[in-house]
Amino acid sequence: RDARNYLQDIISMDPKNVAAQNNIGIVETELYNLSAAKVAFQTALTVEPNYADAHYNLGNVYWMEMNYQVAAEYFQKALDLEENNQAANYHLALCMQKLKEYEKALDIMNNLVANSGRDIEKKAQFLGGRANIYRDLGRFNEAVGDIEAAISFSPKNSKLLGNKALTFLHSGQIENAIATY
């Protein structure tokens with residue numbers, strides 16, 4: 001028996017168990033059964049329309065489908081219900097970046113960086129995200145500054161080093177890009 005069967009058993013005993021329905025959606029998402037995941041999350045929302053986790057998880061499914069506008073709507077709904085949800089804020093910023101709404105993306109990411117507290121992994125993640133927005137805006141010095149700050153928090157993160165090299169490449173600093181690798 002797998003997790004889906006176990007969760008289906010729970011739902012058959014308690015059809016209004018939104019947590020179990022949401023978890024089926026998560027399992028389906030991890031298996032890349034996105035249609036089934038959407039059905040599970042929508043079912044949870046039919047029972048409990050204000051279930052922030054299901055809105056957030058639907059946003060992730062639409063993100064995976066590259067439907068950034070709809071994903072952003074679900075992330076925003078999750079935030080309307082749970083305003084301090086860092087994951088929903090982060091993913092909303094990524095959607096805004098994909099939709100080329102850079103100032104909105106930057107505002108969200110600035111807030112995340114400012115409020116990341118002592119969680120250095122989160123701070124590094126948010127700095128890296130903000131650096132990507134700066135790079136898209138052609139603000140390469142700010143992008144490199146954020147990447148270097150992120151690397152100081154997470155020095156073994158090879159993705160950040162690649163991001164730094166890519167930023168140098170976009171800014172025409174080929175020698176620095178090569179040296180970074």
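Keep in mind that this is a model prediction, so the values were computed, not measured.

S.K.: Let's hear about the overall build of the protein chain: which residues, and what values?
M.R.: Assigned secondary structure in the protein chain consists of 11 helices and zero strands. When its helices and strands are written in sequence order, the protein chain yields α-α-α-α-α-α-α-α-α-α-α. Along the first, second and third principal axes, the C-alpha set of the protein chain runs to 60 × 35 × 30 Å. Here the protein chain holds 181 residues, and 45% of them are scored as buried. For the protein chain, the accessible surface area stands at approximately 9800 Å², while carbon and sulfur atoms represent 51% of it. With 17 positive and 22 negative side-chain charges, the protein chain shows a spacing of 4 Å between the two charge centroids.

S.K.: Hey, could you go over helix H9 (residues 140-153) for me, with residue numbers and the actual values?
M.R.: Across its 14 residues, H9 extends 20 Å between first and last C-alpha, which sits within 8% of the 20 Å expected from 1.5 Å per residue. Along H9, the residues that are buried comprise Ala-143, Val-144, Asp-146, Ile-147, Ala-150 and Ile-151. Considered in projection along H9, the buried side chains sweep an arc of 165° and stay on one side of the axis. Across from the buried face of H9, at angles greater than 90 degrees, the exposed residues are Asn-141 and Ser-152. Buried-residue contacts for H9 involve helix H8 (120-136) and helix H10 (158-170).

S.K.: Lay out the layout of surface pockets in plain terms, naming residues and giving numbers.
M.R.: Approximately 460 Å³ is the volume found for the largest pocket. Forming the walls of the largest pocket are 22 residues, and the residues nearest its centre are Tyr-90, Leu-94, Gly-129, Asn-132 and Lys-159. At the level of elements, helix H6 (86-98), H8 and H10 are the ones that each hand at least two residues to the lining of the largest pocket. Of all the elements, H8 adds the most residues to the lining of the largest pocket, at eight residues. A breakdown of the residues in the lining of the largest pocket according to their chemical character gives seven nonpolar, nine polar and six charged.

Quick notes on the rules
Residues numbered from 1 in each chain as written. Predicted model: local features only at pLDDT ≥ 70, side-chain atom pairs only at ≥ 80, totals over all residues. Heavy atoms only, no water. Helix = DSSP H or I, 4+ residues; strand = E, 2+ residues; numbered from the N terminus. Buried < 20%, exposed > 50% of the residue type's maximum accessible area, 1.4 Å probe, protein only. Areas by Shrake-Rupley, 256 points an atom, 1.4 Å probe, with all protein chains shown as cover. Lys, Arg positive; Asp, Glu negative; His and termini not counted. Charge placed at Lys NZ, Arg CZ, Asp CG, Glu CD. Expected span 1.5 Å × (residues − 1). Arc of directions from axis to C-beta. Contact = heavy atoms within 4.5 Å. 1 Å grid on protein atoms, 1.4 Å probe; cavity = no way out; pocket = protein on both sides within 12 Å on 5 of 7 lines; lining within 4 Å. Points joined across faces, edges and corners; volume = space filled by probe spheres on them. Nonpolar A, V, L, I, M, F, W, Y, C, P; charged D, E, K, R; others polar.

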